[in-house]
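# Structural overview for review
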Amino acid sequence: MKTPKSDFFRDCRRLIALVQRKRPAVLPAALLTAVLESAFPFVNIIFGALILDRLLTGDEGVMVLVWWMIGLDFALGCSSRVLRWLCRAEALTADELALGAMTEKCMTMDYQQLETQEIMDKKVRADEESNSLGGLFGFVWAFSELLGHGLTILYALVTVSCLFAVSTLPADADSRVRTLNSPWTALAAVVLALMVPLACIPLTKWGNRVNLEWHNHNIDCNRRMITFSRIINSYQQGKDQRTYEISEMLLGKCERVADTFCRHAKVFGLRTQAIQNLVAVVNLTTVLIAYLFVGLKAMAGLITVGMVSMQVGAITALAGAVREAVDLVGQLDLQRKYLKEYVDFLAIPSEKYNGTLPVEKRNDGDYDLEFRDVSFRYPNQEQWSLRHVTCTLPKGRKLAIVGPNGAGKTTFIKLLCRLYDPTEGEILLNGIDICKYDYGEYLSLLSVVFQDFKLFSMKLGENVAASVDYDPQRVWECLEKAGMRERVEQMPEGLETGLYQQKEDGVEISGGEAQKLAIARALYRDAPVVILDEPTAALDPVSEYEIYSRFGQMVEGKTSIYISHRMSSCRFCDLVFVFDGGAIIQRGAHEELLNRKGGLYARLWQAQAQYY
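We now turn to the structure provided with this report. (Residues numbered from 1 in each chain as written. Predicted model: local features only at pLDDT ≥ 70, side-chain atom pairs only at ≥ 80, totals over all residues. Heavy atoms only, no water.)

Applying the stated rule across the entire model yields 12 salt bridges. For the salt bridge of K395 with D368, the shortest nitrogen-to-oxygen distance reads 3.2 Å. Taken together, the positions of K395 in the loop between β2 (386–393) and β3 (398–402) and D368 in the loop between α12 (305–346) and β1 (369–376) put the pair 27 residues apart, joining distant regions of the chain. Between E424 and R387 there is a salt bridge, and its shortest N-O distance comes to 3.3 Å. Highlighted residues: E424 in strand β4 (residues 424–429) and R387 in strand β2, separated in sequence by 37 residues. With relative accessibility at 33%, the residue E424 sits in the partly exposed group. Relative accessible area serves as the criterion here: at 29%, R387 is assigned to the partly exposed category. Members of the salt-bridge network, linked through shared partners, are E370, R372 and E426. (Salt bridge = Lys/Arg side-chain N within 4 Å of Asp/Glu carboxyl O. Helix = DSSP H or I, 4+ residues; strand = E, 2+ residues; numbered from the N terminus. Buried < 20%, exposed > 50% of the residue type's maximum accessible area, 1.4 Å probe, protein only.)

Laid out in C-alpha cells, this is it:
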C-alpha cells in the first residue's frame, strides 16, 4: 500500500531523473554550489570568534586571521556566485527542455491517443501544473537549496560540538555551574533549539494546503483569462471581433474573471500572512534559547567571549537551516504534486504496436494495399465509422473516393496511414499486416494532403520539403506542378520567405495558396502512394482546373487516392469507390457508375451537375 511518504520520494526521483536526463550538469553544479554557499557563513562565525578572543587576550596573529577570513570570504563568495549563476542557467535551460519534452511527447504519442478528450484534458492539466510554483526550474532550485541547508546543518553540528567539551572545575564549584558544564545539558539545549523549528512542520503543511486551495480556486480563472487573452490578441480573429462588435463583451468577461481573482487573493493573502507571522515567532524563540544557554555558560566562565559569538551564530544557523529544510521539504512536496500531472503525461505508454519488419524498397512502386473485412469505431463511440470494408487499392492507378459527409471517407484514410488501427479486420501491405512493419518505414510510402492540413510558420522551402535541408531545384519543380511557382517567385525572398506573421517579415498567404503548397509538399516526398483529401476545396475554378489537368502528370506511376465532394474530379480517375454509412456500396469507373440510374453515385453527380 502506497503512503504519502512513498509517493513523495517516488515523484521526486522521477523529477530528478527527468532533470538529469535533460541537463546532466544541473545536479553536480547544484551540489558544488551548496557546498561553497553553506560553508561561507561559518568562515565568519569561526574566524570572528578567534579574532575576538585574541583581541581580548592581547595575543599576536590577529591580522593573519583577518587576512585569512577576508581571503576565504572572497574566494568562497566569488566561486559560489559564479556557480550559482551557472546552476541557475542550467536549471532554466532544463525548464525550457522540459517544455520541449511535452511538445516531443505530443508529436510522438499515438495519434489515436492524442485525439481523445481524456488525453487532451491531461495535456491541459500538465501544461498548467508544470508552470505552477516555478515549474521544473522551481523544483530544481528548491532541491539545490535543500542540499545547501542540509550541508549547513552538518557544518553547524560540527561547530556546535565545541559546547560538549567539559571544562576542568574546582572541587568547590557550584552545582549550577557543574550542570552547565555537563555535555548532557549542552545536548538538551541543542535538542530544544532544534525542536522549536520542528513546530514549523504543521505550519508548513497548513501553508501548503492554503497554497493548493488557492491554486485550485484560481485554476478556472487562469484558464478563462488565457482563453480570452488568446482571443483578444489573435490577429486571425480580429475581423470577427470588429465585424460583430464583440470587444466590449470580451473585455467585460475579462474584468469579471479578474474581480473573482482579486477577491480570492485578498482572502488567501491574509491566511498566508498569518502563517508567516507564526513562523516568525518560532524563529525568535530559537534565538532566545541559543542566547540564554550560551550566555549562562559565558557568565559561569566556561567559555570565552569569542565562543559566545561562535556558538550563538552556529546554533542560530543550525535552527534556521532545520526550519528552512522543513519548509523546503514542504515546498518540494507541493511542487511535485503540481508537477505530477506533467510527469504522468510524459509517462503515458504507447498503445499502438510498432512492428519491426522493414519495408521492401522498390523502384517500380509495386506495393499491394488491401483492406480485409475492416471495421472501426472511434474510442468511446458506439457507432461504427467503418463496417466490413474489403477492397484492394489499384496499383499505379488513380482511385476516387466519394460519398456524403460522415460516410467514412477520411476515416478510411486515417486507417491507411495508421493514425488509428482497425477495431476489427486488418490492412495488408504485400500480404502482411501493416502493424508488423516499422511505422516510420511504412509512413515513408505515403504522401498525404489532409483536408485539415497545416503549414508552419517557417520558411516556405522548409514547409514544402518538411526539412531544414532541402533541394531547391526539387522544391521549384513541385511548386511548378502544384501551380504555385509564379506566386513564390514574386515573394521577396523566394523559397526563404517566412510564412505567417509570427515573424516580422512573415507573409500571409490565402487558403488556396496554402493548399497548393500542401500539394507541393506531398509531391516533394515522392512516395509511391499519394493521398489527396479534398485537395482543391479552397481553390478557385481556374486553379482547380489546372490541378486536375496536371493531376496525371503529378502522380504518374504512383498509386493515388483522391477524396473529394466535387464529383467532376472522378472523371480523372480510373476507379471510384462510393462510401455510405461506413461501407463501400458501389465501385467502378466513372461512366459505369453514372449509367447505374438510381445509384448513389449517379444521384450525387446529378445533384451537382444541375447547377452547371
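Approximately 1500 Å³ is the volume found for the largest pocket. Lining the largest pocket are 41 residues, and of these M107, Y111, L419, F450 and F456 sit closest to its centre. Elements with a contribution of two residues or more to the lining of the largest pocket: α3 (62–108), α4 (111–114), α13 (409–416), α14 (439–443), β6 (446–449), α15 (460–465) and α18 (511–525). Broken down by element, the lining of the largest pocket gets its largest block of residues, five residues, from α18. Partitioned by chemical class, the residues of the lining of the largest pocket number 23 nonpolar, eight polar and 10 charged. (1 Å grid on protein atoms, 1.4 Å probe; cavity = no way out; pocket = protein on both sides within 12 Å on 5 of 7 lines; lining within 4 Å. Points joined across faces, edges and corners; volume = space filled by probe spheres on them. Nonpolar A, V, L, I, M, F, W, Y, C, P; charged D, E, K, R; others polar.)

Bridge count for β1 against β4 is five bridges, and the pairing is antiparallel. Bridge pairing links L369 to L429 in β4. Pairing of β4 with strand β5 (residues 432–433), which is carried by two bridges, proceeds in the antiparallel orientation. By the bridge assignment, L429 is partnered in β5 with I432. Counted along the chain from β4 to the antiparallel partner β5, the turn is two residues long, and its residue N430 has a positive phi close to 50°. (Pairing = 2+ DSSP bridges.)

Turning next to the sheet that holds strand β7 (residues 529–533). If you walk across this open sheet you meet the six strands as β6-β7-β8-β3-β9-β10, and the pairing is mixed. With partners counted over all chains shown, the strands left at the sheet margins are β6 and β10 (583–588), one partner each. Across this sheet, the average inter-strand angle for adjacent strands is 15°, counted without regard to direction. Note that β3 and strand β9 (residues 575–580) share four bridges and pair parallel. Opposite L399, over in β9, you have L575 as the bridge partner. Taken strand by strand, helix α21 (residues 600–609) contacts β3, β9 and β10, and its axis lies near 95° from that of β9. (Axes fitted to C-alpha atoms, helices over the stretch in contact; angles between N-to-C directions. Contact = heavy atoms within 4.5 Å.)

Given a rise of 1.5 Å per residue, 42 residues ought to cover 62 Å, and the 58 Å separating the end C-alpha atoms of α12 matches this to within 8%. Along α12, the sharpest change in direction is near 40° and occurs at L339. (Expected span 1.5 Å × (residues − 1). Bend = angle between axes of the 7 residues up to and from the residue.)

Now for the nonpolar core. Membership of the largest hydrophobic core comes to 45 residues, with the highest contact counts inside it found for L460, L479, I509, L517 and Y601. Contributing elements (two or more residues each) for this core: β3, α15, α16 (472–481), α18, β7, β9, α20 (590–594) and α21. Sorting elements by how many residues they give to this core places α18 first, with eight residues. Those residues within four positions of I509 in sequence are excluded, and the remaining contacts are L455, M491, L499, Y500, A514 and L517. (Core = buried A, V, L, I, M, F, W, Y, C linked by side-chain atoms within 4.5 Å.)

The subject of this paragraph is the packing of aromatic side chains. In this description, an aromatic ring pair is defined by two values, namely the gap between the centres and the angle between the planes. Evaluation of the coordinates by the stated rule reveals five aromatic pairs. Relative to F579, the ring of F412 lies with its centre 5.3 Å away and its plane at 65°, an arrangement referred to as edge-to-face. Taken together, the residues F412 in helix α13 and F579 in strand β9 connect sequence positions 167 residues apart. Taking relative accessible area as the criterion, F579 reaches 0% and is therefore assigned buried. Among the aromatic side chains, those forming a connected cluster through ring pairs are F371, F412 and F579. Above the plane of the ring of Y524 lies R474, whose end atom (NZ or CZ) is 4.0 Å from the centre. Cation over ring: R587 sits above F577, and NZ or CZ is 5.3 Å from the ring centre. (Phe/Tyr/Trp six-rings, centres within 6.5 Å; stacked < 30°, edge-to-face > 60°. Lys NZ or Arg CZ within 6 Å of the ring centre and 35° of its normal.)

Our next topic: the environment of K340. Locating K340 in the fold gives a position in helix α12. With near-sequence residues (within four places) excluded, K340 lies in contact with R10 and D11.

In this section: the state of the cysteines. Counted by the stated rule, this structure contains zero disulfides. No disulfide involves C573; its nearest neighbouring cysteine sulfur is the one of C570, lying 6.1 Å away. Residue C573 is classed as buried on the basis of its relative accessible area of 9%. (Disulfide = S-S within 2.5 Å.)

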